[in-house]
Amino acid sequence: MDKDRVVVAQLLLDGTRVKASFSSSGVLKWDGHGISAGSLIVQKDILGFTDKPITIVLHTFQFASTGCCGGNQRKRKDVTLEFEQREAYKLWCDAIQECLDRSGRPKRLVVFINPFSGKGEAEEVYKRDVLPLLAAARIEVTKKVTQFQLHARDMAKSMNIAQYDGVICVSGDGILVEVLNGLLERPDWARAIKMPIGVVPAGSGNGMAKSLLDAAGEPCNARNATFAIIRGHTQAVDVATVVQGQTKFYSILLLTWGFVADVDIESEKYRWMGGLRFDFYSLIRILRLRRYNGVFAYVPAPGYEDIGAPYNGELDGMKVECDDERRGRAATGYSGPVSSSLRSDWRVMEGAFVMVLLQNVPWASEDFNSAPESKFADGFLDLIVLRDCPRYKLIGLLTSIQQGKAVESKYLTYLKVKAFQIAPGGRVGSRIQGGYIDVDGEVVTRGWGAVGDGKGDPMSYGPTIEVCVEQGLATLYCPP
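Keep in mind that what you see is a predicted model, and the values were worked out from it rather than measured.

A. Looking closely at the overall build of the protein chain. Broken down by element type, the protein chain carries eleven helices and 23 strands. Computed over its C-alpha atoms, the radius of gyration of the protein chain comes to 25 Å, within 12% of the 23 Å expected for a compact globule of 480 residues. If one aligns the C-alpha atoms of the protein chain with their principal axes, the spans along those axes are about 85 × 50 × 45 Å. Counting all 480 residues of the protein chain, 55% fall into the buried class. Nonlocal contacts in the protein chain, meaning residues at least 24 apart in sequence, comprise 71% of its contacts between residues at least 6 apart. Counting every atom, the protein chain has about 20700 Å² of accessible surface; 49% of that belongs to carbon and sulfur. Computed over 57 positive and 56 negative side-chain charges, the inter-centroid distance for the protein chain is 3 Å.

Next up, the structure:
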């Protein structure tokens, strides 16, 4: 269809005669006796269509008012167009299909479902909220259900990516992280990581889905996330490489140490509570507040160079160079970014800390907006540090952090960094070392006395852990 071409027809729209037009830009307009003028936009409102003899059924997913308290929510609705002449019907079918084909929408997707995430409802979310929308969009789906931890990583590492236009993760943030690591561990990682990944919230945290949908003003739910995938719009996202010795882990969300890591990991026994487990266990940890000794260094982003103390080369165990050779560039898969930072660029903080967050996206979970200034592809990580706070003010401070309002708090240090290293220590005033380094919701190391024996942890607690970020390495589906 030519760029500015418009097709016009007299037809029945849901049984009412109207004069309607459809433009090459994907806008359907109508006006007629007994019906208000209206419009639909293919890329904004339409999932797909079904064609029958001289009839087109448009499958739409439109905003509809749900009352003064409910705000606007998208609702599934079919709109029927009945034509008097087969020629007009055929012309409209071709015009709508051509518009959909030009939109860049995916046609073949592989879906990873984690049946153990959150309250264990991911498969039901897929059947109820995801699959019907994909079917309406006539997207070919290959379903894969994970059976054990890192199963999605293994499947992403070995699957034939030429068979798919993208990946969907129906889970919390865990399957997204596994898929990311699997794609980056492939010999053809440079090609594989360009495959768009969609995130459908079906777990406890859902930080990435919330970040992507909230940035577009969309409520965070499975149907909105699925529609964003169907529409095919994408967003580049930074990826961090977390390294200790020869061990690497690729992160797309956050690294935590202290309070948030303690809550995330130790609340696992309350997983049956869903997202409420975090609030519940936060109260327990406030009443029994822990502080941890440690030291970390970082390369600040422009504008943050005066925060912290200059690195003087005297901190035992800290290494400030991101040595790509030491990471094994010759090994199969992505080896991480090369840092151009000089020793003089680094700053240091040491002492006792309640919490350290290193975040890549604004929302750590669906209700924890701890890094409101974070950008998806700016090449920096947002570092949030809490050294101490009067206990009676801590609940208010955590509430402010949840709401994204604590950036200016005198108790918090908030800055952007492009490289980071941490040497975690033990609890203040205790013989128990304790503590966890939690990367994207998974423990990579824990101190002696922490929950779990740590035998399966890939890293050691105490020696330096390094983080370098590469700008815009991954691609995620997101709303326009």
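Further notes follow.
B. Representation of the pattern of salt bridges. Tallied over the entire structure, the rule returns 21 salt bridges. The partner of aspartate 94 in a salt bridge is lysine 90, and the shortest N-O contact between them spans 2.9 Å. Here lysine 90 and aspartate 94 lie together in helix 2 (residues 86-102), a separation of four residues that amounts to about one turn. By relative accessible area, lysine 90 is classed as partly exposed at 45%. One salt-bridge network, in which partners are shared between bridges, spans Asp262, Glu266, Arg285 and Arg290.

C. Expanded view of the layout of surface pockets. In this structure, the second largest pocket spans a volume of roughly 310 Å³. As for the second largest pocket, its lining consists of 20 residues, of which Pro201, Ala202, Gly203, Asn206 and Glu366 are closest to the centre. Among the elements that make up the lining of the second largest pocket, the one with the highest residue count is helix 3 (residues 122-136) (four residues). Residue composition of the lining of the second largest pocket, grouped by class: six nonpolar, eight polar and six charged.

D. Examining the environment of alanine 37 more closely. Relative to the elements of secondary structure, alanine 37 occurs in strand 4 (residues 35-41). When the C-alpha positions of alanine 37 and aspartate 238 are compared, they lie 44 Å apart, and in sequence the two are 201 residues distant. Setting aside chain neighbours within four positions, we find alanine 37 in contact with Trp30 and Asp31.

E. Seen up close, the pairing of strand 15 (residues 292-300). In terms of burial, strand 15 is largely enclosed, as eight of its nine residues are buried. By the bridge criterion, seven bridges tie strand 15 to strand 17 (residues 347-353) in an arrangement that is antiparallel. What sits directly across from glycine 294, in strand 17, is glycine 351. Two elements, strand 15 and strand 20 (residues 412-427), share eight bridges in a ladder whose sense is antiparallel.

F. Summary view of helix 3. Between the first and last C-alpha of helix 3 there are 20 Å, a value that for 15 residues agrees with the 21 Å anticipated at 1.5 Å per step. Ala122, Val125, Tyr126, Asp129, Val130, Leu133, Leu134 and Ala136 are the residues of helix 3 that are buried. Of the residues flanking the end of helix 3, it is arginine 138, one or two places downstream, whose phi is positive at about 55 degrees.

G. The arrangement of the side chain of glutamate 266 in detail. Among the structural elements, glutamate 266 can be located in helix 9 (residues 259-266). A residue is classified by how much of its surface remains accessible, and glutamate 266, at 7% relative accessible area, is buried. Among the polar contacts made by the side chain of glutamate 266, one reaches the side chain of tyrosine 436 at a distance of 2.6 Å. Sequence-distant contacts of glutamate 266, that is, excluding residues within four places in its chain, are made with Tyr281, Arg285, Arg290, Tyr436 and Val451.

H. Region of interest: the state of the cysteines. One pass over the structure, following the stated rule, counts zero disulfides. Note on cysteine 99: no disulfide assigned, nearest cysteine sulfur contributed by cysteine 93 at a separation of 14 Å.

I. Quick peek at the packing of helix 9 against helix 10 (residues 276-287). With their axes 9 Å apart at the nearest point, helix 9 and helix 10 run at an angle of 125 degrees to one another. Relative to helix 10, the element helix 9 lies oblique. In this structure, helix 9 crosses over helix 10, and the sense of that crossing is right-handed. When helix 9 is examined against helix 10, the residues Phe259, Asp262, Val263, Asp264 and Glu266 are found in contact with a partner set consisting of Arg277, Phe278, Tyr281, Ser282, Arg285 and Ile286.

J. Molecular detail of helix 5 (residues 174-184). Counting buried residues along helix 5, ten of its eleven residues qualify, which places the element largely inside the surrounding structure. Among the residues of helix 5, Ile175, Leu176, Val177, Glu178, Val179, Leu180, Asn181, Gly182, Leu183 and Leu184 are the ones counted as buried.

K. Structural context of empty space enclosed by the protein. Following the criterion strictly, the structure yields three cavities of 30 Å³ or more and no others. As a volume, the largest cavity reaches approximately 70 Å³. Lining the largest cavity are Gly198, Val199, Ala209, Leu212, Leu213, Ala225, Ala228, Ile229, Tyr477, Cys478 and Pro479. Of all the secondary-structure elements, those providing two or more residues to the lining of the largest cavity are strand 11 (197-201), helix 7 (207-215) and helix 8 (222-231). Here the residues of the lining of the largest cavity are counted per class, giving ten nonpolar, one polar and no charged.

L. Seen up close, the packing of aromatic side chains. If you walk through the whole model with that rule in mind, you get eleven aromatic pairs. Aromatic side chains phenylalanine 296 and tyrosine 298 sit 6.2 Å apart centroid to centroid with 40 degrees between the ring planes, which places their arrangement in the tilted category. Of the two residues examined, phenylalanine 296 and tyrosine 298, each falls in the buried class. Ring centres of phenylalanine 296 and phenylalanine 353 lie 5.2 Å apart, and the angle between their planes is 45 degrees; on these two criteria the pair is classed as tilted. Taken together, the residues span a long stretch of sequence, with phenylalanine 296 in strand 15 and phenylalanine 353 in strand 17 at a distance of 57 residues. Exposure remark for phenylalanine 296: the relative accessible area of 0% places this residue in the buried category.

Quick notes on the rules
Residues numbered from 1 in each chain as written. Predicted model: local features only at pLDDT ≥ 70, side-chain atom pairs only at ≥ 80, totals over all residues. Heavy atoms only, no water. Helix = DSSP H or I, 4+ residues; strand = E, 2+ residues; numbered from the N terminus. Rg over C-alpha atoms; globule rule 2.2 N^0.38 Å. Buried < 20%, exposed > 50% of the residue type's maximum accessible area, 1.4 Å probe, protein only. Contact = heavy atoms within 4.5 Å. Areas by Shrake-Rupley, 256 points an atom, 1.4 Å probe, with all protein chains shown as cover. Lys, Arg positive; Asp, Glu negative; His and termini not counted. Charge placed at Lys NZ, Arg CZ, Asp CG, Glu CD. Salt bridge = Lys/Arg side-chain N within 4 Å of Asp/Glu carboxyl O. 1 Å grid on protein atoms, 1.4 Å probe; cavity = no way out; pocket = protein on both sides within 12 Å on 5 of 7 lines; lining within 4 Å. Points joined across faces, edges and corners; volume = space filled by probe spheres on them. Nonpolar A, V, L, I, M, F, W, Y, C, P; charged D, E, K, R; others polar. Pairing = 2+ DSSP bridges. Expected span 1.5 Å × (residues − 1). Polar contact = N/O pair within 3.5 Å; in protein donor to acceptor, adjacent residues only side chain to side chain. Disulfide = S-S within 2.5 Å. Axes fitted to C-alpha atoms, helices over the stretch in contact; angles between N-to-C directions. Parallel < 35°, antiparallel > 145°, perpendicular 65-115°, else oblique. Left-handed = near helix turned anticlockwise from the far one by under 90°. Phe/Tyr/Trp six-rings, centres within 6.5 Å; stacked < 30°, edge-to-face > 60°.

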